[in-house]
Amino acid sequence: MPTAVAVIPTRNEENSILAVIEEIRDAFKTTRYDRVEILLTDDSHDKTRKLAAGVGAYVVSGGGEGLGTAMFRGLKEALRFDPDVIVAIDGDGQTDAKVEIPRFLEEIDNDRADLVLGSRFAETGLVKYKYRTINRLGTRMLVFLLNRKTGLKLTDSHGGIRAMTAPVVEELQMLGSHTYVQETIIDAVEKGFRVVELPSAWRVRQHGKSRVVGSIPKYVFYTLPVILLRSGYHIRLLYSIGIWLVIAAFAYFLVVWWQGGFTVSGLSNRTPALILVALMVISGIQLFFFGFILQLLNQVKRSLDRIVYRRRDRREEKPPTRGEPLRKVAGGSGNG
């Protein structure tokens, strides 16, 4: 039967989680999916996981390393249910799941997309509250980088809902602990998956405070280095600066040598200039190899993720009894 899994990353959402789960289940009643599973990746200190398990949701540890890590682990665990589609949705209730989920799944069911993203800025009036100017500027910066890297024409960098096919999740690899949405987009485009963006309204949060959108400058600080790394800009930047420093050092050395009459004795009086040349050469070589090391670490991380997660639980284990916690993800530990 057609199977769908809704993955919800949570952290102290006891006041909203039951309403979110109920809304998600109601949303799927109008779709073709006969089997719908709810999976929480939880880092809560309150009753969130207990309440969710009480209404039949599965729960795994989010790892305590950030929203991106929690979602990544949840998506990989969702593969254990052998799903046809996976929906990732925030647990704060700002997304109207009953309206959005059928629209997003329609793109996948009609074979128009493999990854469907929600945008709060594709149309005016989608954000139902005052959105801070500094947050909007931060979002625009991330959108600019994503569009430059992927060639897409996105209007939002991290909407509250996404739908994707199982192959997108199977192939997903991630470096950062806060960059799940952005890395998913980059990863999907790199591997040839079709990406579609749909307008998605954001309701006023009824309980608690946003842990991402409320501090976009901090969020950009976490995500920008990882996006640059995934985009490959670090290679061009560090390699180029390193090479040009070495070339500039060689050119400056020729000038100094010329000024000294192309003699060793003439260079002996230019000690400060020679020190500068040496520093330029050393710095250039270090920057060049720093870019190489970053790229190597990137590849090592991807290889490790592939070993740990690739088709791991889909073929080796059966899902546990409904309402019971799933086993903890390798390398993770719970906080709640």
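Attention here is on the structure that accompanies the text. Starting from 1, residues in each chain are numbered consecutively following that chain's sequence as written. It should be noted that, the model being predicted, local features are given only for residues of pLDDT at least 70 and side-chain atom pairs only at 80 or more, the latter also being counted only at that level, while totals for whole chains, interfaces and linings use all residues. No hydrogens and no water enter the side-chain calculation; it runs on all heavy atoms of the structure.

A word on the pattern of salt bridges
It is possible for side chains bearing opposite charge to pair when their charged atoms get close.
Right, so step 1: Here, a salt bridge means any Lys or Arg side-chain nitrogen found within 4 Å of an Asp or Glu carboxyl oxygen. By the definition in use, this model includes 14 salt bridges.
Right, so step 2: In this structure, Glu77 engages Arg80 in a salt bridge whose closest nitrogen and oxygen atoms are separated by 3.1 Å.
Right, so step 3: Exposure classes here rest on a 1.4 Å probe applied to the protein chains alone. A residue is buried below 20% of its type maximum, exposed above 50%, and partly exposed in between. When its relative accessible area of 7% is taken as the criterion, Arg80 is described as buried.
Right, so step 4: The salt bridge involving Glu100 is made with Arg103; its shortest N-O contact spans 2.3 Å. Here the residue Glu100 and the residue Arg103 both occupy positions in helix 4 (residues 97–109), the gap between them amounting to three residues, near one helical turn.
Right, so step 5: A relative accessible area of 4% places Glu100 in the buried class.
Right, so step 6: The class of Arg103 is partly exposed, set by a relative accessible area of 29%.
Right, so step 7: Connected through salt bridges with shared partners, the residues Glu23, Asp96 and Arg203 form a single ionic network. Only runs of H or I of at least four residues qualify as helices and only runs of E of at least two qualify as strands under DSSP, and these elements are numbered from the N terminus.

Side note on the sheet that holds strand 3 (residues 58–61)
Right, so step 1: What the seven strands build is an open sheet, ordered 3-2-1-4-6-5-7; its pairing is mixed. Edge positions in the open sheet fall to strand 3 and strand 7 (195–199), since each of these has one partner strand only. Neighbour-to-neighbour, the strand axes of the sheet open up by a mean angle of 20°, direction not taken into account.
Right, so step 2: Two strands are said to pair when DSSP picks up at least two bridges between them. Pairing of strand 4 (residues 85–89) with strand 6 (residues 161–165), which is carried by five bridges, proceeds in the antiparallel orientation. From the neighbouring strand, Val87 faces strand 6, where its bridge partner is Ala163.
Right, so step 3: Running over the sheet, helix 1 (residues 17–28) touches strand 1 (3–10), strand 2 (35–42) and strand 4 and is turned about 160° from strand 1.
Right, so step 4: Sitting on the sheet, helix 7 (residues 180–190) is in contact with strand 4, strand 5 (115–119), strand 6 and strand 7, with an inclination near 140° to strand 5. Helix axes are fitted only over the stretch in contact, all axes being lines through C-alpha atoms; the angle between N-to-C directions runs from 0 to 180 degrees. Any pair of residues with heavy atoms lying within 4.5 Å of one another is described as a contacting pair.

What to know about a nonpolar patch on the surface
Right, so step 1: A patch consists of residues exposed above 30% relative accessible area that lack any salt bridge, with like charges linked at up to 9 Å and nonpolar side chains (Val, Leu, Ile, Met, Phe, Trp, Tyr) linked at up to 5 Å. Each accessible area is a Shrake-Rupley result for a 1.4 Å probe, and residues are judged covered by the shown protein chains and nothing else. Taken together, the side chains of Val246, Ile285, Phe289, Phe292 and Ile293 make up a nonpolar region of the molecular surface, amounting to roughly 430 Å² of accessible area.
Right, so step 2: No other element matches helix 11 (residues 271–309), which puts four residues into the nonpolar patch.
Right, so step 3: Note on placement: Phe289 falls in helix 11.
Right, so step 4: By relative accessible area, Phe289 is classed as partly exposed at 45%.

Some details on the environment of Ser16
Right, so step 1: By the secondary structure assignment, Ser16 is in the loop between strand 1 and helix 1.
Right, so step 2: Sequence-wise, Ser16 and Asp92 are 76 residues apart; in three dimensions their C-alpha atoms are separated by 6.2 Å.
Right, so step 3: Pairs of N or O atoms within 3.5 Å make up the polar contacts considered here, provided that, within protein, one atom can donate a hydrogen while the other can accept it, and that residues adjacent in sequence are counted only when both atoms are side-chain atoms. There is a polar contact of 3.0 Å between the side chain of Ser16 and the backbone oxygen of Gly91.

Details of unusual backbone geometry
Right, so step 1: For Asn12, which is not a glycine, the phi torsion comes out positive at approximately 60°.
Right, so step 2: Among the secondary structure elements, Asn12 is positioned in the loop between strand 1 and helix 1.
Right, so step 3: Phi is positive for Asp82, close to 50°, though the residue is something other than glycine.
Right, so step 4: Structurally, Asp82 can be placed in the loop between helix 3 (67–78) and strand 4.

Examining the packing of aromatic side chains
Right, so step 1: Ring pairs are drawn from Phe, Tyr and Trp, using the six-membered ring of Trp, whenever the two centres fall within 6.5 Å, and their geometry is named by plane angle: stacked under 30 degrees, edge-to-face over 60, tilted for the rest. Under the criterion given, the structure shown has three aromatic pairs.
Right, so step 2: With 5.9 Å between their ring centres and 35° between their planes, Phe253 and Trp257 make a pair best called tilted. Remark: Trp257 and Phe253 occur in helix 9 (residues 233–259); sequence separation between them is four residues, near one turn of the helix.
Right, so step 3: Take Trp257: its relative accessible area is 30%, and that puts it in the partly exposed class.
Right, so step 4: Two thresholds decide whether a charge sits over a ring: the Lys NZ or Arg CZ must be within 6 Å of the ring centre and within 35 degrees of the ring normal. We note Arg120 situated over the ring of Trp202; from NZ or CZ to the ring centre the distance is 4.4 Å.

A look at helix 5 (residues 133–150)
Right, so step 1: Taking 1.5 Å per residue as the helical rise, helix 5 with its 18 residues ought to reach 26 Å, and the 26 Å between its terminal C-alpha atoms agrees with that figure.
Right, so step 2: Listed in full, the buried residues belonging to helix 5 are Asn135, Arg136, Gly138, Thr139, Leu142, Val143, Leu145, Leu146, Asn147 and Thr150.
Right, so step 3: Phi turns positive, to about 80°, at Gly151, one or two residues after helix 5. Expected span of a helix, by definition, is 1.5 Å for each gap between consecutive residues, and there is one gap fewer than residues.

Description of the packing of helix 1 against helix 4
Right, so step 1: Across the interface, helix 1 lies against helix 4 with an axial gap of 8 Å and an inter-helix angle of 45°. When the interaxial angle is binned, helix 1 and helix 4 end up oblique. Relative to helix 4, the crossing made by helix 1 is right-handed. Contacts from Glu23, Ile24, Asp26, Ala27 and Phe28 of helix 1 reach helix 4 at Ala97, Lys98, Ile101, Pro102 and Leu105.
Right, so step 2: Residue classes in the contact of helix 1 with helix 4 are distributed as seven nonpolar, no polar and three charged. Oblique is the label for any angle not covered by the other classes, which are roughly parallel (under 35 degrees), roughly antiparallel (over 145) and roughly perpendicular (65 to 115). Take the far helix as your reference; a near helix turned counterclockwise from it by less than a right angle gives a left-handed crossing, and one turned clockwise gives a right-handed crossing. Polarity classes work like this: nonpolar for Ala, Val, Leu, Ile, Met, Phe, Trp, Tyr, Cys and Pro, charged for Asp, Glu, Lys and Arg, and polar for all others, with Gly in that last group.

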